[in-house]
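Overview (structure and organization)
Below are the chains, spelled out letter by letter.
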Amino acid sequence: MTATATPAREGAARSRPDLGKSALPFRRRFANRGMTVLIAACLLLAILPLGLVVYEVVSRGAGVMSLEFLTADIPRNYRREGPGMGAAVVGTLVITGMAALLAIPLGVMGAIYLNEYGKQSALARFIRTMADVMTGVPSIVMGLFIYVTWVLAIGEKNGFGGALALACLMLPIVIRSSEEMLRLVPDELRQASAALGARKWRTIVTVVLPSAISGITSGSLLAVARAAGETAPIIVTVGIAFAANPDLFDGGNTTLAAQIYRNASLTFAGAQDRAWGAALTLIAIVLLFTIIARLIAARFALKER
Amino acid sequence: MEFPLTQLDRAPASDVTTPGRGRTLDRVFGGASYGAGLLVLGVLALILLSTTWEALPAFQHSGFDFIFGQRWAPNNPDLPLFGTLTFLYGTAVSSLLALLIAVPVSIGIALFLTELAPRWLRVPAVTVIDLLAAVPSVVFGLVGILVIAPAALPLYQWIHDLVVNVPVLGSVFGPAVNGNTFATAGVILAVMVIPIITSISREVFDTVPVADKQAAYALGATRWEMIKGAVFPHSFAGLVGAAMLGLGRAMGETIAVTLVIGGSTQIAANLFASGNSMAAVIAQQWGEASGLHTSALIGIGVVLFAMTVLVNYSARVIVRRAEIRMKGATA
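An unreviewed UniProt entry annotates chain B as Phosphate transport system permease protein of Stackebrandtia albiflava. Regarding chain B, the relevant UniProt record gives this comment under Sequence similarities (unreviewed entry): "Belongs to the binding-protein-dependent transport system permease family. CysTW subfamily."

For chain A, an unreviewed UniProt entry supplies the name Phosphate transport system permease protein PstA and the organism Stackebrandtia albiflava. Per UniProt, chain A carries the Sequence similarities (unreviewed entry) text "Belongs to the binding-protein-dependent transport system permease family. CysTW subfamily." Taken from UniProt, the Function (unreviewed entry) comment for chain A reads in full: "Part of the binding-protein-dependent transport system for phosphate; probably responsible for the translocation of the substrate across the membrane."

Scanning chain B from terminus to terminus reveals 13 helices and 2 strands. For chain B, whose C-alpha radius of gyration is 25 Å, the value lies well above the compact-globule estimate of 20 Å for 331 residues. The principal-axis extents of the C-alpha atoms in chain B amount to approximately 80 × 65 × 35 Å. Taken across its 331 residues, chain B has 53% of its residues classed as buried. Intrachain contacts of chain B at a sequence separation of at least 6 include 73% that bridge at least 24 residues. Entry remark: accessible area of chain B is about 15,000 Å², with carbon and sulfur atoms responsible for 66%.

Across chain A, the average pLDDT comes to 88, with 91% of residues at or above 70. Below a pLDDT of 50 lies the segment residues 1-6 of chain A, which in the model reaches 4 contacts outside its immediate sequence neighbourhood of four places, other chains included.

Our next topic: the UniProt feature "domain: ABC transmembrane type-1" (unreviewed entry) in chain B. Residues given the UniProt feature "domain: ABC transmembrane type-1" (unreviewed entry) here are residues 88-315 of chain B. Structurally, residues 88-315 of chain B is divided into 79% helix and 0% strand, and its ends, taken at the C-alpha atoms, are 20 Å apart.

What follows deals with the UniProt feature "domain: ABC transmembrane type-1" (unreviewed entry) in chain A. Under the UniProt annotation, the feature "domain: ABC transmembrane type-1" (unreviewed entry) is placed at residues 89-297 of chain A. Helix and strand shares over residues 89-297 of chain A are 80% and 0% respectively, and the end C-alpha atoms of the span are 27 Å apart.

The next thing to look at is the pattern of salt bridges. Residues and elements named next belong to chain A. For the structure shown, the criterion picks out 12 salt bridges over all chains. Between Arg176 and Glu179 there is a salt bridge, and its shortest N-O distance comes to 2.9 Å. In this pair, Arg176 and Glu179 are both assigned in helix H7 (residues 159-184), 3 residues apart and thus about one turn of the helix distant. The residues Arg176 and Glu179 share a single accessibility class, namely buried.

So, on to the UniProt feature "transmembrane region" (unreviewed entry) in chain A. Cross-referencing UniProt, the feature "transmembrane region" (unreviewed entry) maps to residues 37-58, 85-112, 133-153, 159-175 and 275-297 of chain A in the present numbering. Regarding residues 85-112 of chain A, the helix share stands at 96% and the strand share at 0%, and the terminal C-alpha atoms are separated by 40 Å.

With that settled, the discussion passes to the interface of chain A and chain B. Between chain A and chain B, the residue contacts involve 82 residues of the former and 87 residues of the latter. Carbon and sulfur atoms make up 78% of the surface buried where chain A meets chain B, a total of about 7,500 Å² over both sides. On inspection of chain A and its partner chain B, the count reaches 3 salt bridges. Among the salt bridges present, the one from B:Glu225 reaches A:Arg28, with a minimum N-O distance of 2.7 Å. Viewed at the interface, chain B and chain A are joined by 8 residue pairs in polar contact (both at pLDDT 80 or more). Sorting elements by how many residues they give to the side of chain A that touches chain B places helix H2 (residues 26-62) of chain A first, with 19 residues. Classifying every residue of the side of chain A that touches chain B by side-chain character gives 58 nonpolar, 15 polar and 9 charged.

Among the surface-exposed residues, B:Phe64, B:Ile67 and B:Phe68 lie close enough to one another that they form a single nonpolar patch of about 370 Å² accessible area. Along the chain, the position of B:Phe64 falls in the loop between helix H2 (21-62) and helix H3 (65-68).

Secondary-structure assignment places B:Tyr313 in helix H13 (residues 292-330). Each C-alpha atom of the pair B:Tyr313 and B:Ala269 lies 30 Å from the other, and the pair is 44 residues apart in sequence. Once residues lying within four places of it in the same chain are set aside, the contact partners of B:Tyr313 are A:Thr129, A:Met130 and A:Val133.

Before going further, it helps to examine the packing of aromatic side chains. Under the counting rule described, the total for this entry stands at 13 aromatic pairs over all chains. Both rings, one in A:Tyr113 and one in B:Tyr34, keep their centres 5.3 Å apart while their planes meet at 70 degrees; by these two values the pair is edge-to-face. Here A:Tyr113, found in helix H4 (residues 86-118), pairs with B:Tyr34, found in helix H2, and the two come from separate chains. Between B:Trp224 and B:Phe232, the aromatic rings sit 6.2 Å apart at their centres with planes inclined by 85 degrees, giving edge-to-face as the arrangement. Residue B:Trp224 is classed as buried on the basis of its relative accessible area of 14%. Cluster of aromatic residues (ring-pair linked, three or more members): A:Trp150, A:Phe160 and A:Phe249.

Residues annotated by UniProt as "transmembrane region" (unreviewed entry) correspond here to residues 28-49, 87-113, 125-149, 155-174, 181-200, 231-248, 255-273 and 293-315 of chain B. Along residues 87-113 of chain B one finds 100% helix and 0% strand; the C-alpha atoms at either end are 37 Å apart.

Once that is clear, we can look at the nonpolar core. Among the nonpolar cores identified, the biggest contains 187 residues, and A:Val57, A:Ile140, B:Val40, B:Ile109, B:Val139 and B:Ile300 are the most heavily contacted of them. For this core, the leading source of residues is helix H8 (residues 182-206) of chain B, giving 15 residues. Dropping the residues within four chain positions of it, B:Ile109 is found in contact with A:Cys42, A:Leu43, A:Ala46, B:Ile129, B:Ile194 and B:Thr198.

Let us now look at the environment of A:Ala163. Residue and element names in this part refer to chain A. Assignment of secondary structure puts Ala163 in helix H7. The class of Ala163 is buried, set by a relative accessible area of 0%. Placed 143 residues apart in sequence, Ala163 and Gly20 show a C-alpha to C-alpha distance of 62 Å. The contacts of Ala163, once residues within four sequence positions are left out, are Ile95, Met98, Ala99 and Leu102.

By the secondary structure assignment, A:Phe126 is in helix H5 (residues 122-135). Note on A:Phe126: relative accessible area 38%, which makes it partly exposed.

Our next topic: helix H9 (residues 200-228) of chain A. The terminal C-alpha atoms of H9(A), which comprises 29 residues, lie only 35 Å apart, well short of the 42 Å expected from a rise of 1.5 Å per residue. By the largest-angle criterion, A:Ile213 marks the main kink of H9(A), which is about 60 degrees.

Next up on the list: the side chain of A:Asn263. Residue and element names in this part refer to chain A. Within the fold, Asn263 resides in helix H11 (residues 256-264). A relative accessible area of 0% means that Asn263 is categorised as buried. In contact with Asn263, other than residues within four places in its own chain, are Tyr78, Met85, Ala271, Gln272 and Ala275.

Rules and cut-offs
Residues numbered from 1 in each chain as written. Chains lettered and ligands numbered in written order. Predicted model: local features only at pLDDT ≥ 70, side-chain atom pairs only at ≥ 80, totals over all residues. Heavy atoms only, no water. UniProt positions renumbered as here; feature names shortened; annotations may be inferred. Helix = DSSP H or I, 4+ residues; strand = E, 2+ residues; numbered from the N terminus. Rg over C-alpha atoms; globule rule 2.2 N^0.38 Å. Buried < 20%, exposed > 50% of the residue type's maximum accessible area, 1.4 Å probe, protein only. Contact = heavy atoms within 4.5 Å. Areas by Shrake-Rupley, 256 points an atom, 1.4 Å probe, with all protein chains shown as cover. pLDDT = per-residue confidence, 0-100. Salt bridge = Lys/Arg side-chain N within 4 Å of Asp/Glu carboxyl O. Buried area = accessible area lost by both parts, 1.4 Å probe. Polar contact = N/O pair within 3.5 Å; in protein donor to acceptor, adjacent residues only side chain to side chain. Nonpolar A, V, L, I, M, F, W, Y, C, P; charged D, E, K, R; others polar. Patch = residues over 30% accessible without salt bridge, like charges linked within 9 Å, V, L, I, M, F, W, Y side chains within 5 Å. Phe/Tyr/Trp six-rings, centres within 6.5 Å; stacked < 30°, edge-to-face > 60°. Core = buried A, V, L, I, M, F, W, Y, C linked by side-chain atoms within 4.5 Å. Expected span 1.5 Å × (residues − 1). Bend = angle between axes of the 7 residues up to and from the residue.

Encoded structure:
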């Protein structure tokens, strides 16, 4: 390989056509090399902001992080320095948890309809497209929707409204990812189950779902991670709280994301510190869910082979 | 042995399974899943109807000025004005700027992953993109307002000084007062839409037939010439769809933009000026709004919903068509 590049081989090259890269005209070689470098540089352009965000959040958030920060109430005066994000930690967990409880069963049922019943029918294809469209509905619009249909109906902003909005955002993601997983289940399993005399629902519940369960879990966890970081629907629907409020149906609530938003636009050092601390907590929660989802997905992939 | 499941289901009741309880459960289960499937359509329809209904007072109050009016004065005591053209403009400028940055970079990353990357590098590279997608938008906003905006201000001023006497560039890169500008919003949005454009572009590039690529190499093409001659022509439609999906995401992105766009109501050609976007104005003014003002903010949401659904739907159709055509080509 090195020999073809040196001019010492010119004599040999005359008798045999030189097919090495060095035989290409300079312009073509330059364009190829230049574009290769540019393409690789694009990946660096993606790593750069990720690195910056992680570095800033960890370095600024670590200073305020403590057990007290995670559990203490949020100071009612934004100017005050010192901890507390307890209310937001509790709010994030209960609101996201309730959203998951609503969206995952419905989403999986929807996926079962698409893959086991509807298949390639016109209605199923339409629902599939609309689920894709629904993933693109801005989260703030979802918040406005729940405000109009839930908050105005019951006359109070509370945590459940936020859970409903997050559930609406998660639903299409769960449907589409679960359907992908159901599609991977080999048809032979369904036929074998049917041949043993099992009815369709039995086949789905005892054969199809168990073989797709790790993929469905992983997709659902990714949807949960996405929902936990949503801000816009929360600030529209759940109101405000300073002390931890685990009751979703009574009184205002708050989440880490909403607190980051509220504190980030203030100029007080105490508020900004709390924003960084909340960001570190939120990123930790989101990453935890994402990593668990990836681990489950990786094990599933191994089992398949 | 092809044995369609549906035929088994339609077998007469005299078969081996016992009729009765099982059949009822079958119907209940099938009905429940059918309902869950329809839920998607129901929610989408309900979003459109309920929000439009709630926004109706503002629509009636402003008429066509709701979209074409430039004056936004919700607290005007005599006659509140709800003209949202400035927000429409802000949404358009920030998301188009985001696309301008994100599309080339995303296509580059997708090419790197499908054509260039050695096997060992592929998994970590995909992980980086996945993690970028997992970072909540409010965290991007936080870093944007407290770190990037202050750091970008000198850069904006430097660029302005550089082009101040050039006719068009002088006004596009105009004077910067602070770091919260259209440009900052565009850059942050670009980072946020890179993962989605990258993942769709990858799917599209994966459908390019291997035979085409090898044919290009066999004709003596370099790798870049192969990409130009075999990959791009095959994937053009799909890439347009990917860019549109990115556009839909960028238009609807709320919190990060709210934090870094500055929040002033103006239409300015200057990218280094503060502005506002449709989603951002809802989030900003929601807390202090009441009555007709709330109704107008919901109205902005309705317009935003209609726009994003339109963009997303066309994008999905384009990507789907492109993929079907690709599969036809390989078969």
